[in-house]
Amino acid sequence: MHLKVCKPEETMEKQLEHCGKELEELVQALAMYRNNPDMKHRAEVMFEAMDTITCLWTFIAMEFSRSEIEAGIEFINNKNYVRHYLLEQGEDD
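This text gives an overview of the structure that appears in the document.

The rules behind the values
- Residues numbered from 1 in each chain as written.
- Predicted model: local features only at pLDDT ≥ 70, side-chain atom pairs only at ≥ 80, totals over all residues.
- Heavy atoms only, no water.
- Helix = DSSP H or I, 4+ residues; strand = E, 2+ residues; numbered from the N terminus.
- Buried < 20%, exposed > 50% of the residue type's maximum accessible area, 1.4 Å probe, protein only.
- Contact = heavy atoms within 4.5 Å.
- Areas by Shrake-Rupley, 256 points an atom, 1.4 Å probe, with all protein chains shown as cover.
- Lys, Arg positive; Asp, Glu negative; His and termini not counted.
- Charge placed at Lys NZ, Arg CZ, Asp CG, Glu CD.
- Expected span 1.5 Å × (residues − 1).
- Salt bridge = Lys/Arg side-chain N within 4 Å of Asp/Glu carboxyl O.
- Axes fitted to C-alpha atoms, helices over the stretch in contact; angles between N-to-C directions.
- Parallel < 35°, antiparallel > 145°, perpendicular 65-115°, else oblique.
- Left-handed = near helix turned anticlockwise from the far one by under 90°.
- Nonpolar A, V, L, I, M, F, W, Y, C, P; charged D, E, K, R; others polar.

**Details of the overall build of the protein chain**
Phase 1 of the analysis: Check the secondary structure of the protein chain and you find 3 helices and 0 strands.
Phase 2 of the analysis: Helices (α) and strands (β) of the protein chain occur, in sequence order from the N terminus, as α-α-α.
Phase 3 of the analysis: In terms of its C-alpha atoms, the protein chain occupies a principal-axis envelope of roughly 45 × 40 × 20 Å.
Phase 4 of the analysis: Out of the 93 residues in the protein chain, the part that is buried amounts to 18%.
Phase 5 of the analysis: The contacts of the protein chain with a sequence gap of at least 6 include a subset with a gap of at least 24, amounting to 59%.
Phase 6 of the analysis: Accessible surface, the protein chain: about 7600 Å² in total, of which carbon and sulfur atoms supply 57%.
Phase 7 of the analysis: With 10 positive and 19 negative side-chain charges, the protein chain shows a spacing of 4 Å between the two charge centroids.

**Looking at helix H1 (residues 12-35)**
Phase 1 of the analysis: Here H1 is 24 residues long and its end C-alpha atoms lie 35 Å apart, about the 34 Å a rise of 1.5 Å per residue gives.
Phase 2 of the analysis: Elements that come into contact with the buried residues of H1 comprise helix H2 (39-63).

**Things to note about the side chain of Glu 22**
Phase 1 of the analysis: Structurally, Glu 22 can be placed in helix H1.
Phase 2 of the analysis: One buried charge, Glu 22, has no salt-bridge partner; the nearest side chain with opposite charge is Lys 21, at 9.3 Å.

**Looking at the packing of H1 against H2**
Phase 1 of the analysis: Direction vectors running N to C along H1 and H2 enclose 165 degrees, while the axes themselves pass 8 Å from each other. One element, H1, and the other, H2, form an angle in the roughly antiparallel class. Here H1 runs over H2; the crossing is left-handed.
Phase 2 of the analysis: In the contact of H1 with H2, the residues fall into 15 nonpolar, 5 polar and 7 charged.

**Looking at the environment of Asn 80**
Phase 1 of the analysis: Position of Asn 80 among the secondary structure elements: in helix H3 (residues 66-82).
Phase 2 of the analysis: Relative accessible area serves as the criterion here: at 16%, Asn 80 is assigned to the buried category.
Phase 3 of the analysis: Sequence-distant contacts of Asn 80, that is, excluding residues within four places in its chain, are made with Tyr 85, Leu 86 and Gln 89.

**Describing unusual backbone geometry**
Phase 1 of the analysis: The phi torsion at His 84 lies on the positive side, around 60 degrees, for a residue other than glycine.
Phase 2 of the analysis: Topologically, His 84 is positioned in the segment after H3.

**Here we look at the side chain of Thr 54**
Phase 1 of the analysis: Residue placement: Thr 54 occurs in helix H2.
Phase 2 of the analysis: Ignoring anything within four residues of it in the chain, the contact list for Thr 54 reads Leu 3, Lys 4 and Cys 6.

Put into structure tokens, the structure is as follows:
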């Protein structure tokens with residue numbers, strides 16, 4: 001999966017506000033899907049979730065270098081491994 005960074009807002013605060021709006025759209029899309037669980041509404045949930053991810057990815061890219069982001073990804077993956085949150089984590093891990 002590779003979502004591309006978009007043109008950011010002027011400040012990190014404004015970008016984070018934009019992320020909040022995207023999250024609200026996701027919540028609304030999910031509510032519409034729950035009321036009418038057809039394929040169109042299901043797709044809208046996925047698209048709004050991806051919009052939210054892209055917005056947050058843009059927020060991260062505004063401030064942090066590639067090496068910082070890679071280190072952050074490794075940190076979060078390790079933390080989630082220790083907490084047994086990973087889907088691919090086996091019972092023996």
